[in-house]
Amino acid sequence: MRAIDRGLCRCHVCGKLARHPGDGSYLCPRCHTPLHPRIPYSVSRAWAFTLTALIVFVPANVFPIMTVRKIDNTIPSTILAGVIDLARNDMLPIAIVVFIASIAVPVFKLVGIMFLLFTVQRGRPINAAQATNMYRFIDLIGRWSMLDLFVISILVTLVSFGQFASIEANIGASAFAGVVVLTLLAAESFDPRLIWDLQEPTP
Amino acid sequence: MQATELTPASHGVCPPATHLSACLECDQLLDIPDDQPRPRCPRCGAAQAPFQPFDPTRPLALALAALILAIPANLYPQMAFSLLGRPNAYTLAGGAWHLIDVGFWWVGALVLVCTLVAPLVLLSLIIGTCLAWKLHLPSSWIASGLKLYHQVASWVMLDVYLLAVIVSVVKLKDMGSFELTTGFFCFVLMLVLLSVAMVSFNTERFWDLWEARRAGH
Ligand SMILES: [Zn+2]
Ligand SMILES: [Zn+2]
């Protein structure tokens, strides 16, 4: 039995279970937050964030995220070039970690959220347990994409020796930060209860 | 319009030792026993907030200890890197500020929020709400603190930052001399205390206490 079938709604802020009989707006009796049986406009908001993230994903990968300057050479590097560089220099484990955090996670997140959104919109019952696991995985891994931005912050600050040797941030980093925040917001907007609603016969 | 409150009699399905709740991930109605430390939803497996009694003393003590450690973790440099005798040091605020200073204000601000502002605000909120509870300060203060906590928590990314330090060590170790300094070790300890404090700070049960006191029990 779902809470919504009994006219109940759990407050998303304080966890209180309160009565929410059908349409209309109600406030949580405990913390006075507006109650929503499902996140309002969950699917369209999640789509908006996901599509924007998809657009920003292009410059994030095409433009260099940082440039390494030494006396004799200047090497701008994109996210992928950074991973390849690590792998070439016998730092394979770290290369794999960075690859997962900066490339695999954003791609998987974007594809995964779009898959969930398509599924919910199509409206046919699916293996809800599997879809929920996918949602949880997306939710759990999203924040780890911040890894590259923290690394940039550390490298740029530590390696600044004027014309001698320096690492500079580039525009790709700003775009990548946009992708991370947008995918976090997309995952937050998606309501996993919609997956389970597909299992219920529509009233 | 205010929703009607549920009285124990109005749902009438749960024996006294359980609490009626709804799963946040699948909306299943659940009867959660009082004594279960890690209740899960039987339908989708999502973890639910336990109904074990909550005492604000524990998160208060942990958050205070973490906040004290946050002082050296932020004042002392966490890493030092030197090339041909010239050293550079990294502090959380300094790193983010450096990015803002060279024009990457958006990335810098994000780094600042996730590694410094959000953790400090979160610790202050735990300490503030628990102290306000102990000192019987106005209940509306506690309510605002708990609501804010709910919004700040997802922006604390210190664990990701810890991995970033490890990646940086590997990237820089062949380039010059790199060392982790005092600030970093204080930071790791602070991270451990903050994580334990966040786990013990069960906001849903804090709301229950808050409600009971407000009703005059
Ligand atoms: Zn509420
Ligand atoms: Zn569930």
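Residues numbered from 1 in each chain as written. Chains lettered and ligands numbered in written order. Predicted model: local features only at pLDDT ≥ 70, side-chain atom pairs only at ≥ 80, totals over all residues. Heavy atoms only, no water.

Participant: Teacher, can you tell me more about the coordination of the zinc ion (ligand 1) here?
Facilitator: Where a metal carries four tetrahedral donors, each ideal angle is 109.5 degrees; where it carries six octahedral donors, the ideal angles are 90 or 180 degrees. Residue and element names in this part refer to chain A. Protein coordination of the zinc ion (ligand 1) is provided by C11 (SG), C14 (SG), C28 (SG) and C31 (SG), with donor distances spanning 2.2 to 2.3 Å. Considering all four donor atoms around the zinc ion (ligand 1), angles at the metal cover 103 to 115° and the coordination shape is tetrahedral. Coordination of the zinc ion (ligand 1) draws on donor residues from a single chain, spaced C-x2-C-x13-C-x2-C in sequence. Of this pair, C11 sits in the loop between strand 1 (8-10) and strand 2 (17-19) while C31 sits in the loop between strand 2 and helix 1 (42-62); the two residues are 20 residues apart in sequence, bridging distant segments of the chain. C31 matches C11 in its accessibility class, with the two residues each being buried. (Donors = N, O, S within 2.8 Å, 3.2 Å for Na, K, Ca; no water. Tetrahedral: all angles 85-135°; square planar, octahedral: opposite > 155°, others 65-115°. Helix = DSSP H or I, 4+ residues; strand = E, 2+ residues; numbered from the N terminus. Buried < 20%, exposed > 50% of the residue type's maximum accessible area, 1.4 Å probe, protein only.)

Participant: Even after reading the chapter, I still don't get the pattern of salt bridges, so can you show me in this structure?
Facilitator: Where charged atoms from two side chains of opposite charge approach closely, those side chains can pair. All chains considered together, the criterion is met by 14 salt bridges over all chains. Of the charged contacts in the structure, one is a salt bridge between E168(A) and R69(A), with a shortest N-O distance of 3.0 Å. Here E168(A) is found in strand 5 (residues 165-169), whereas its partner R69(A) is found in strand 3 (residues 66-70), with 99 residues between them in sequence. Members of the salt-bridge network, linked through shared partners, are R10(A), K16(A), R30(A), E204(B), R205(B), D208(B) and E211(B). (Salt bridge = Lys/Arg side-chain N within 4 Å of Asp/Glu carboxyl O.)

Participant: Could you clarify how one ought to interpret the domain arrangement of chain B in this entry?
Facilitator: Interfaces are often described in size by the accessible area the parts lose on coming together. Residue and element names in this part refer to chain B. Per the domain assignment, the segments of chain B are domain 1 (1-51) and domain 2 (57-216). The centre of domain 1, based on its C-alpha atoms, is set 32 Å off from the matching centre of domain 2. Taken together, the contact pairs four residues of domain 1 with five residues of domain 2. Taking both sides of the interface into account, the surface hidden between domain 1 and domain 2 amounts to around 340 Å²; carbon and sulfur atoms contribute 43%. There are zero salt bridges connecting domain 1 and domain 2. Across the domain 1-domain 2 interface, the total number found is two residue pairs in polar contact (both at pLDDT 80 or more). Here the residues of the side of domain 1 that touches domain 2 are counted per class, giving three nonpolar, no polar and one charged. (Domains from an automatic or database assignment. Contact = heavy atoms within 4.5 Å. Buried area = accessible area lost by both parts, 1.4 Å probe. Polar contact = N/O pair within 3.5 Å; in protein donor to acceptor, adjacent residues only side chain to side chain. Nonpolar A, V, L, I, M, F, W, Y, C, P; charged D, E, K, R; others polar.)

Participant: Would you explain helix 3 (residues 92-101) of chain B in this entry?
Facilitator: One full turn of an α-helix is made of 3.6 residues, so residues set three or four places apart face in the same direction. Turning to helix 3 of chain B, its buried residues number three or more, namely L92(B), G95(B), A96(B) and L99(B). Buried residues of helix 3 of chain B, seen end-on, are gathered within an arc of 90° and therefore sit on one face of the element. Facing away from the buried side of helix 3 of chain B by over 90 degrees, the exposed positions are W97(B) and D101(B). The elements touched by buried residues of helix 3 of chain B are helix 5 (147-158) and strand 5 of chain A together with helix 2 (57-75), strand 4 (86-90), helix 4 (105-134) and helix 6 (158-172) of chain B. Of the residues trailing helix 3 of chain B, G103(B) is marked for its positive phi of about 105°. (Arc of directions from axis to C-beta.)

Participant: How do you make sense of the interface of chain A and chain B when you look at a structure like this?
Facilitator: On the chain B side, the residues contacting the 66 residues of chain A number 68 residues. Each partner contributes to the roughly 6600 Å² buried at the junction of chain A and chain B, and carbon and sulfur atoms together form 67% of this total. Applying the counting criterion to the chain A and chain B interface returns seven salt bridges. Residues E211(B) and R30(A) are paired through a salt bridge, measuring 3.2 Å at the closest nitrogen-oxygen approach. One can count 23 residue pairs in polar contact (both at pLDDT 80 or more) joining chain A with chain B.

Participant: Mind showing me how you'd approach the packing of aromatic side chains here?
Facilitator: Each pair of aromatic rings is reported with the distance of its centres and the angle of its planes. Overall, the coordinates contain 14 aromatic pairs over all chains when judged by the stated rule. For the ring pair Y135(A) and F190(A), a centre distance of 5.8 Å and an interplane angle of 45° mean the geometry is tilted. With Y135(A) in helix 4 (residues 128-141) and F190(A) in the loop between helix 6 (171-189) and helix 7 (193-197), this residue pair connects regions lying 55 residues apart in the sequence. Take Y135(A) and F190(A): they sit in the same class, and that class is buried. Look at F54(B) and F206(B): their rings are 5.3 Å apart centre to centre, the planes differ by 40°, and that puts the pair in the tilted class. With a gap of 152 residues between them, F54(B) in the loop between strand 2 (29-33) and helix 2 and F206(B) in helix 8 (residues 203-214) connect regions that are remote in the sequence. Overall, the relative accessible area of 0% leaves F206(B) in the buried class. Taken together, the aromatic side chains of F150(A), Y161(B), F184(B), F185(B) and F187(B) make up a single cluster linked through ring pairs. (Phe/Tyr/Trp six-rings, centres within 6.5 Å; stacked < 30°, edge-to-face > 60°.)

Participant: How do you make sense of empty space enclosed by the protein when you look at a structure like this?
Facilitator: To find leftover empty space, a probe the size of one water molecule is rolled over the atoms. Counted according to the given criterion, the structure contains three cavities of 30 Å³ or more. Estimates place the volume of the largest cavity at around 70 Å³. What lines the largest cavity is simply I65(A), M66(A), S77(A), T78(A), I79(A), G82(A), V83(A), V98(A), D148(A), V151(A), I152(A) and K171(B). For the lining of the largest cavity, the elements supplying multiple residues, two or more each, are helix 2 (79-88) and helix 5 of chain A. For the lining of the largest cavity, the residue count by class is seven nonpolar, three polar and two charged. Of the voids in this model, the second largest cavity is the one considered here, and its volume is about 40 Å³. Every residue along the wall of the second largest cavity is listed here: N74(B), L92(B), T115(B), L116(B), P119(B), L120(B), L158(B) and M190(B). In terms of residue count, the dominant contributor to the lining of the second largest cavity is helix 4 of chain B (four residues). A breakdown of the residues in the lining of the second largest cavity according to their chemical character gives six nonpolar, two polar and no charged. (1 Å grid on protein atoms, 1.4 Å probe; cavity = no way out; pocket = protein on both sides within 12 Å on 5 of 7 lines; lining within 4 Å. Points joined across faces, edges and corners; volume = space filled by probe spheres on them.)

Participant: I'm lost on the sheet that holds strand 5 (residues 177-180) of chain B in this one. Help?
Facilitator: Strand pairs in the sheet, formed through backbone hydrogen bonds, run parallel or antiparallel to each other. All names here are of chain B. Ordered by their spatial adjacency, three strands build an open sheet running 4-3-5, and the pairing between neighbours is antiparallel. Only two strands of the sheet have a single neighbouring strand rather than two, namely strand 4 and strand 5. Between one strand axis and the next, the sheet turns by 15° as a mean value, whatever way the strands run. Where strand 3 (residues 79-83) and strand 5 come together, four bridges link them in antiparallel fashion. (Pairing = 2+ DSSP bridges. Axes fitted to C-alpha atoms, helices over the stretch in contact; angles between N-to-C directions.)

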